[in-house]
Structures are given as C-alpha cells and as structure tokens.
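Coordinates in review
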Amino acid sequence: MGAGGPRRGEGPPDGGWGWAVLGACFVVTGFAYGFPKAVSVFFRALMRDFGAGYSDTAWVSSIMLAMLYGTGPVSSILVTRFGCRPVMLVGGLLASAGMVLASFATRLLELYLTAGVLTGLGLALNFQPSLIMLGLYFERRRPLANGLAAAGSPVFLSALSPLGQQLLEHFGWRGGFLLLGGLLLHCCACGAVMRPPPGPGPRPRRDSAPPGGRPRRRLLDVAVCADRAFAVYALTKFLMALGLFVPAILLVNYAKDAGVPDADAAFLLSVVGFVDIVARPACGALAGLARLRPHVAYLFSLALVANGLTDLSSARARSYGALVAFCVAFGLSYGMVGALQFEVLMAAVGSLRFPSALGLVLLVEAVAVLIGPPSAGRLVDALKNYEIIFYLAGSEVALAGIFMAVATKCCLRRSRDTPPGQVAEGGASDTEDAEAEVDSEALPTGAEEPGSREPLEVPSPGARPAEAEVEAGPGRDTKSV
C-alpha cells in the first residue's frame, strides 16, 4: 500500500487552524469510541430493572456501535451535500437527545431505539466528518495527527467509565443517562470549529443538473470497491471488528463475576485507557517516520496480531493483578490499532477517495459489530464462562492481522511497486473527477482546499463549460460565476 495519493498544488496547511480542528476531532473520537464501551457500566442495573439477560442488554452497545459504523455511507452523502459543520451540529443534537430520551425508557426496546439508534446515529454524524476535515488540514503530519486524534478514545474511556460508575451510584441509571446526554452536547461545539481550510477564492456549489436531468457529481463513489487495496483493508476490518471490541465490553462484568469490587472493576477500563493514551500518539509519530511510513500496513498487521495474542494468553486471568496486566498489554496493542487504522486506509485509497472509502468500510465494520458482541453475550449467558469468549475474540483479531500482512505482501506487491497515485490508463479519469467533487463539496460554500483547486478545475473536454453555463443561467456572464 502506497503512502497516499499524489500531491496537488501546495497541499493541506499541516497546522494553523488545523490544530483547533485536531482538538475537536480528539473530543469527537473520544465520544464515538469511548461512549459505547462506557455504557457497559450500567448493564447490571439495566439487567436487574428490566429482568433481561446479558445478551439482550449488550444489544444497547452493539446497536450504538452498529449505527456509528453502518451509517457511514449516509454520513458521506450528507457531508458531500451539506458540508461537515452542519452535519456535525445536527449529529450532536441527535446524540444528546438519544440519551435524554433513554433516561425515560420503560422497556429494552425503547433503549434500543434511543440510546442505541438515535445516539449512535448522532455519534456517526460527528465522527466521520471530523476525520474528513482532519484530512483536509494535514498531509505531511497526517500520521501524527491521526494518532493524536485517536488518543481521544482512551482519554474519554478512562474518564467516562469511572464517571458512569459514580453517576450510577448517586443518581441511578436514569439520572446517569440524563447527565450523559447533556455531556454529549459538547459535540455541537466541536462541530462549530470545523471551518474548511482557506483557499484562493470562493467556489460555488454545483447543485444544478444538466439538461438531461442527471446530477453531475457522485455523492458516494462506490468505484473504490474495485481497488484491491481497499478490498484487502475492508476484509481485514471485518475480521478485526468481530473480536476487537468484545474484551473491552465484557471486561467490567468479567471482573465483577470474578469477585472484584465494582469500583475496582470499573477502574480496569481506565487502566486500558491510560496505556492507550500513550500508545496512540507514540504509534502515530512512529508511523510518520520516513522509513516506516511506506510500511504502515505491516505495522498495522503487527498490532492486530499482538492484540489477538494478548486475548488468547489472558483468557484464564482471574486475579485482579492478572487482569491489570491484561489491561496494560491490551491497551498497548489496542492503541496501536486505533492509531493506524485510518492512516492505512488513507494510504491505500488516497485522500480524494477517502470520504467514500471510509463510509463503505464503516458499513462493513457495522455488520461485524452486529455479529461479534451480541454473539459473545449470548455465549456468556449459555456457558457462564468467559474463557471461550476471549479465545474466540483473540483468534479473530490475530487472523485479521495475519491476513493483512500476507495479502499486502503477496496480492498487493505490484501496487506497492507502482508510484503512489498512478492508475491504469484510460480507466480512472471519471472516477478521479468524481473524487475531486466529493472532496470539494465537503467544504461549505465560499471555501476551498488550499493549493489543490486549480488542477481540479480542469475537466474532461466539454464537461465544465456546459456546467458553467447551467450555473450562470440565461443572461448572466459565465465569468461572474
């Protein structure tokens, strides 16, 4: 997998307001990944009040994660149509409303629809646009920026889990959900930060249709599915998602069943978070080194294998000391996976196709999330044994890492030897034009990506002049458009 698509013009600014965007992305990533896991602190209270089993209750987190990933294509289309900032503002309101409504739930089904569907959709409408905007601001420092943004997940996980436990003890699960709903309104503030990079001049939206009545732009570029590097990455993410989140979701209840006090059990997720906080930025900086960046796919594979082996070797951990040791090893490998996963995708498909590729990959991951954690919860209810769950989860994640390494070495060797961004002759001009439109339309009216618009304005023969005439309308000077 190459190091990314070709540079066009001066490229992203790699700083400036990008650091504010990075901070907002840090917060959004923390909520998106930390919130579904932190909600597991309330599972025992929910099981008691609703008389449900663990597998039924675990669907709350699973639906939330499934919405986060499964609505990726929808988020890509909305960002292309309306821009990042409006989508994120609406997403923050939806995420907050979901948890507030969940505090009044009287049945598990109502929790599925509020905390699961509504909050998950709101988090999705924040998560993907923030990553797209981060890619517009960083290129040379992109691995480091991705690592720092990904560090939001462990920071928020280490804070939200003990916070959830305290809210549960003082206000019950209903009061806890209500207060967490208010906390999610911070996503709206993060959305307000997402202004596009300044460009040389305004560029109007191309919402008009040609005389034939068909729109000129592609809201979602599915042609990326034909890319071998994308196919390998998508399959790797599917295998990974089957088992990667299972240990973190089951950890607190696993420790409680082993006799660990509730407060100490909740602190185990904080241990994972503390290690993860250090691992993600460090791994991002490491991946940005000139010698390692071309081989980031192998580094990602190594992280997956290490995470799988950690699950396999710790399946019999029952003492609190052994569980803490597991959390340290798990947090290290989990942090490496989190820091590298989107950098690998950007390197595989290039920044122009990244919005569409990200949406499709998240959809694939959603399918795996709907299979993995609920199945693990059902096995726990049936077998009353966590050991086999850790074995299955570890095997799936390790297999994903092995597949990624082998496929990158064998199947993608020619792609790696090809200069980054080079494509087959005569087969990609239309796709690249659509990708450029997706990238540009993610920015609100009146802004452009710096240094890359002039080359992207050069169309295939006969396409843009007609478009300019349509936009200008009768009796208007085309240059004024």
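Residues numbered from 1 in each chain as written. Predicted model: local features only at pLDDT ≥ 70, side-chain atom pairs only at ≥ 80, totals over all residues. Heavy atoms only, no water.

The test is simple: UniProt positions are given in the numbering used here, feature names are shortened, and annotations may be inferred rather than shown by experiment.
The chain carries the name Solute carrier family 16 member 8 in an unreviewed UniProt entry, which gives Canis lupus dingo as its organism. Among the UniProt annotations of the chain, the heading Subcellular location (unreviewed entry) holds the following wording: "Basolateral cell membrane". The chain has a UniProt comment under Sequence similarities (unreviewed entry) that states "Belongs to the major facilitator superfamily. Monocarboxylate porter (TC 2.A.1.13) family."

1. Re the pattern of salt bridges
Put simply, the test is: The salt bridge criterion pairs a side-chain nitrogen of Lys or Arg with a carboxyl oxygen of Asp or Glu, the two atoms within 4 Å. When a residue's accessible area, from a 1.4 Å probe over protein chains only, is under 20% of the maximum for its type it is buried; when over 50% it is exposed; and in between it is partly exposed.
Enumeration according to the criterion identifies eight salt bridges in this entry. The closest approach of N and O atoms between Glu110 and Arg107, which form a salt bridge, is 3.7 Å. Of the residues examined, Arg107 reaches a relative accessible area of 49% and is grouped as partly exposed. Beyond isolated ion pairs, a larger network of salt bridges with shared partners links Arg142, Arg293 and Glu343.

2. Quick look at a nonpolar patch on the surface
Definition in use: Exposure above 30% relative accessible area and the absence of a salt bridge qualify a residue for a patch, where like charges join within 9 Å and nonpolar side chains (Val, Leu, Ile, Met, Phe, Trp, Tyr) within 5 Å. Computed with a 1.4 Å probe, the accessible areas rest on the Shrake-Rupley method; for each residue, only the protein chains presented here act as cover. A run of H or I in DSSP becomes a helix once it reaches four residues, and a run of E becomes a strand once it reaches two; helices and strands are each numbered from the N terminus.
A surface patch of nonpolar side chains, about 300 Å² in accessible area, is lined by Leu379, Leu383, Ile388 and Leu392. Elements supplying a minimum of two residues to the nonpolar patch: helix 15 (354-383) and helix 16 (387-410). Within the fold, Ile388 resides in helix 16.

3. Re helix 13 (residues 296-313)
The cut-off we apply is this: Helix span, as expected, comes to 1.5 Å for every residue beyond the first. Only heavy atoms enter the contact rule, under which two residues are in contact if any of them lie within 4.5 Å.
In this model, helix 13 (18 residues) spans 26 Å end to end at C-alpha, consistent with the 26 Å of a helix rising 1.5 Å per residue. Within helix 13, burial applies to Val296, Ala297, Leu299, Phe300, Ser301, Ala303, Leu304, Asn307, Gly308, Thr310 and Asp311. Contact partners of the buried residues in helix 13: helix 10 (228-243), helix 11 (246-257), helix 12 (262-287), helix 14 (320-349) and helix 16.

4. As for the side chain of Ser75
Looking at where Ser75 falls in the secondary structure, it is placed in helix 4 (residues 72-82). Judged by its relative accessible area of 1%, Ser75 falls in the buried class. When near neighbours in sequence (up to four residues on either side) are disregarded, Ser75 contacts Ala124, Leu125, Gln128 and Pro129.

5. Thoughts on the nonpolar core
So the rule is basically this: Definition used in this section: a nonpolar core is a set of buried Ala, Val, Leu, Ile, Met, Phe, Trp, Tyr and Cys residues joined via side-chain atoms within 4.5 Å.
Core analysis: the biggest nonpolar cluster contains 135 residues, and Phe35 and Leu111 have the highest contact counts within it. In terms of residues, this core owes the most to one element, helix 14, which gives 16 residues. When residues no more than four places from it in sequence are discounted, the contact partners of Leu111 are Leu46, Phe50, Val60, Ala102, Ala105, Gly116, Trp173 and Phe177.

6. A short note on the confidence of the model for the chain
Basically, it comes down to this: In predicted models, pLDDT denotes the confidence assigned by the predictor to each residue on a 0 to 100 scale.
Looking at the chain as a whole, its pLDDT mean stands at 78, while 79% of the residues score no less than 70. Across the chain, the element-wise mean pLDDT spans from 38 in helix 19 (residues 453-456) up to 94 in helix 5 (residues 84-102). Contacts of residues 1-9 to residues separated by more than four positions or lying in other chains number 31 contacts, the stretch itself having pLDDT below 50. Contacts for the low-pLDDT stretch residues 419-481, under 50 throughout, to residues beyond four places or in other chains number 102 contacts.

7. Considering the packing of aromatic side chains
Formally: In this scheme Phe, Tyr and Trp rings, the latter by its six-membered ring, pair at centre separations within 6.5 Å, and the angle between planes marks the pair as stacked below 30 degrees, edge-to-face above 60, and tilted otherwise. Consider the ring centre and the ring normal. A charge sits over the ring if Lys NZ or Arg CZ is within 6 Å of that centre and within 35 degrees of that normal.
Scanning all chains against the criterion turns up 17 aromatic pairs. Clustering of aromatic rings is evident, with ring pairs tying together Tyr254, Phe326, Phe330, Tyr334, Tyr386 and Phe390. Above the plane of the ring of Phe342 lies Lys237, whose end atom (NZ or CZ) is 5.6 Å from the centre.

8. Some words on the environment of Tyr54
The topology assignment puts Tyr54 in helix 3 (residues 54-70). Considering only alpha carbons, one finds Tyr54 and Phe43, eleven residues apart in sequence, at a separation of 7.6 Å. Apart from residues lying up to four places away in sequence, Tyr54 is in contact with Phe43, Met47, Ile249, Leu250, Asn253, Gly377 and Asp381.

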